[in-house]
Amino acid sequence: MEDEPLNIVLFSGTEDRLQAAAVMASGAAALGKRVNIFLQYWGLEAFRKDRITAGLGLAPEAGERGAALVAAAAQAGQQPWHATLRVAKELGEIDVQACSLSMDVLKIEEEDLDPLVDGVEGVTAFYLNAGDGHIIFI
Amino acid sequence: MEDEPLNIVLFSGTEDRLQAAAVMASGAAALGKRVNIFLQYWGLEAFRKDRITAGLGLAPEAGERGAALVAAAAQAGQQPWHATLRVAKELGEIDVQACSLSMDVLKIEEEDLDPLVDGVEGVTAFYLNAGDGHIIFI
Amino acid sequence: MEDEPLNIVLFSGTEDRLQAAAVMASGAAALGKRVNIFLQYWGLEAFRKDRITAGLGLAPEAGERGAALVAAAAQAGQQPWHATLRVAKELGEIDVQACSLSMDVLKIEEEDLDPLVDGVEGVTAFYLNAGDGHIIFI
């Protein structure tokens, strides 16, 4: 399975989960693995040009304390999730595809999306590209 | 791993995540894969006869805008998650099992569950049926 | 893949998802599998000495009814998630590692963590230990 890609279905649209996805992708790319990211629902929304640098909030369990710590880390220079992903994409082989069904539901057109997104595909294409590699749903 | 099933641990009980699970299952079934779905906690609650067609809400990050878009898609004819799953189950080989431990915690009896659910099993049975196939936690 | 470990990225910090993670780990260990747990964000926070036995709340979709049922199960003697994990760790081979990046963001030191945590590592070390085993993100 050495040559198989890491596959991430990125459904969530909170900054903490987006950062977790970017870190998982980045780590796999650093090990020379291909990475496929498939954007659904709020994960897809987060890649809209007009949303990608917006504050997208955290998972509810963050609480006030967690939110303050994440904000402090950002202020201290921690890269936002989209920057982590952009750097990883420059160094490794990361393909980001929008789920065609979620595009329809959320009325998003390809030109609405940040250039980090490489294209649009359906779920069967995602599975075919995933091969025997791991699939992580975030 | 060609012949291995896709395995979904369905923990979440919001309509967007249920739809994501139904789409992932449906796509895998369309490719001729067996699919095992293991229902825990709020994913299990969603399959109660008296809840399955109820409005179950969305993930918190949907926000008002997201909720309005999902509602509009439903009004425009998008299948609800349980219909997506029902169709997929008629066409492919999808086995839906309730987690026995979650049944106990949530005081659910087998007769409370929609016929989409094929049975009740423990987590070790789930692993044994999962074989070497992917496991996705939603 | 028989000899490969089960790998859990534990991101979530609500009691229901922590319990789900503990049950998945426990079931795999009962089948003789090695289990690697990698703690990120709120999953990591939950392992702080001063938080591990605190009430950490449930996923938002639990609702009042769900919360009441989970509370009743606890009162009726259901083990909390950390006890499930502690027992599983005594019986099987479960390694719990804190994500170094999350440690930095949340300003957590190793001595702040419950002894259930075996060490701290980066995401590439996690992947290398994961081998060809399943990766589940919770």
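The sections below set out a description of the structure shown in this document. (Residues numbered from 1 in each chain as written. Chains lettered and ligands numbered in written order. Predicted model: local features only at pLDDT ≥ 70, side-chain atom pairs only at ≥ 80, totals over all residues. Heavy atoms only, no water.)

**Quick look at the packing of helix 1 (residues 15-30) of chain A against helix 4 (residues 81-91) of chain A**
All names here are of chain A.
- At their nearest, the axes of helix 1 and helix 4 sit 8 Å apart, and the two run at 15° to each other. In terms of orientation, helix 1 and helix 4 fall into the roughly parallel class. Judged by the sense of rotation from one axis to the other, the crossing of helix 1 with helix 4 is left-handed. Residue-level contacts link Glu15, Leu18, Gln19, Ala22, Val23, Ala25, Ser26 and Ala29 of helix 1 to Trp81, Thr84, Leu85 and Ala88 of helix 4.
- Partitioning the contact of helix 1 with helix 4 into residue classes produces 8 nonpolar, 3 polar and 1 charged. (Axes fitted to C-alpha atoms, helices over the stretch in contact; angles between N-to-C directions. Helix = DSSP H or I, 4+ residues; strand = E, 2+ residues; numbered from the N terminus. Parallel < 35°, antiparallel > 145°, perpendicular 65-115°, else oblique. Left-handed = near helix turned anticlockwise from the far one by under 90°. Contact = heavy atoms within 4.5 Å. Nonpolar A, V, L, I, M, F, W, Y, C, P; charged D, E, K, R; others polar.)

**Side note on unusual backbone geometry**
- Phi is positive for Tyr41 of chain A, which is not a glycine, with a value near 40°.
- Within the secondary structure layout, Tyr41 of chain A lies in helix 2 (residues 41-45).
- Using a relative accessible area of 6% as the deciding quantity, one classes Tyr41 of chain A as buried.
- A positive phi angle, close to 50°, is found at Lys107 of chain C, a residue other than glycine.
- Mapped onto the secondary structure, Lys107 of chain C falls in the loop between helix 5 (100-105) and strand 4 (119-121).
- Owing to a relative accessible area of 60%, Lys107 of chain C belongs among the exposed residues under this scheme. (Buried < 20%, exposed > 50% of the residue type's maximum accessible area, 1.4 Å probe, protein only.)

**Some points on the packing of aromatic side chains**
All names here are of chain A.
- Within this structure, the stated rule accounts for 18 aromatic pairs over all chains.
- Taking the centre distance of 5.1 Å and the plane angle of 65° together, the rings of Phe47 and Trp81 count as edge-to-face. Taken together, the positions of Phe47 in the loop between helix 2 and helix 3 (63-75) and Trp81 in helix 4 put the pair 34 residues apart, joining distant regions of the chain. With respect to burial, Phe47 and Trp81 carry one shared label: buried.
- A connected cluster of aromatic rings, assembled from ring pairs, spans Phe11, Tyr41, Trp42 and Phe137. (Phe/Tyr/Trp six-rings, centres within 6.5 Å; stacked < 30°, edge-to-face > 60°.)

**Structural notes on the pairing of strand 2 (residues 35-39) of chain A**
Residues and elements named next belong to chain A.
- Of all 5 residues making up strand 2, 5 are buried, and the element is well covered by its neighbours.
- Side chains of strand 2 alternate between two faces, with Val35, Ile37 and Leu39 and Asn36 and Phe38 buried alike.
- Relative to strand 3 (residues 94-99), strand 2 runs parallel, the two being bridged by 5 bridges. What sits directly across from Val35, in strand 3, is Ile94. (Pairing = 2+ DSSP bridges.)

**A look at the sheet that holds strand 1 (residues 6-10) of chain B**
Residue and element names in this part refer to chain B.
- Reading across from one edge, 4-3-2-1-5 is the order of the 5 strands in this open sheet, with parallel pairing throughout. Two strands close off the open sheet at either side, each with one partner strand: strand 4 (119-121) and strand 5 (135-137). The average angle at which neighbouring strand axes cross in this sheet is 30°, direction not considered.

**Concerning the interface of chain A and chain C**
- Tallying the contact residues gives 29 residues for chain A and 28 residues for chain C.
- Interface area for chain A against chain C, summed over the two sides, is near 2300 Å², with a carbon-plus-sulfur share of 69%.
- Considering only the surface of chain A that becomes buried against chain C, Met24, Glu61 and His134 of chain A emerge as the three largest contributors, covering 24% of it.
- Inspection of the region where chain A meets chain C yields 1 salt bridge.
- The salt bridge partner of Glu45 of chain C is Arg65 of chain A, with a shortest N-O separation of 2.8 Å. (Buried area = accessible area lost by both parts, 1.4 Å probe. Salt bridge = Lys/Arg side-chain N within 4 Å of Asp/Glu carboxyl O.)

**Describing the relation of the copies chain A and chain B**
- The transform that puts chain A on chain B rotates by 120° and translates by 0.0 Å along the axis, for an RMSD of 0.0 Å. Taken together, the rotation and translation relating the two chain copies correspond to the operation of a three-fold axis. (Least-squares fit on C-alpha atoms with pLDDT ≥ 70 in both.)

**Observations concerning the sheet that holds strand 3 (residues 94-99) of chain C**
Residues and elements named next belong to chain C.
- Here we have 5 strands laid out as an open sheet, ordered 4-3-2-1-5, and parallel in their pairing. Bordering the open sheet on either side are strand 4 and strand 5 (135-137), each of which pairs with just one other strand. For this sheet the average axis-to-axis angle between neighbouring strands, irrespective of direction, equals 30°.

**A word on the interface of chain A and chain B**
- In this assembly, 28 residues from chain A lie in contact with 29 residues from chain B.
- Of the roughly 2400 Å² buried where chain A meets chain B, counting both sides, 69% is carbon and sulfur surface.
- Together, Trp42, Tyr127 and Phe137 of chain A form the three largest contributors to the area buried by chain A at its contact with chain B, with a combined 29%.
- Our count for the contact surface shared by chain A and chain B stands at 1 salt bridge.
- Where chain A touches chain B, the interface holds 6 residue pairs in polar contact (both at pLDDT 80 or more).
- Looking at the side of chain A that touches chain B, the elements with two or more residues in it are helix 2, helix 5 (100-105), helix 6 (123-130) and strand 5 (135-137) of chain A.
- Considering each element in turn, the side of chain A that touches chain B owes the most residues, 5 residues, to helix 6 of chain A.
- Residues that form the side of chain A that touches chain B fall into these classes: 15 nonpolar, 8 polar and 5 charged. (Polar contact = N/O pair within 3.5 Å; in protein donor to acceptor, adjacent residues only side chain to side chain.)

**Here's the deal with the pattern of salt bridges**
All names here are of chain A.
- By the definition in use, this model includes 18 salt bridges over all chains.
- Asp118 is the partner of Lys89 in a salt bridge, and the nearest nitrogen-oxygen pair spans 2.8 Å. Of this pair, Lys89 sits in helix 4 while Asp118 sits in the loop between helix 5 and strand 4 (119-121), placing them 29 residues apart in sequence.

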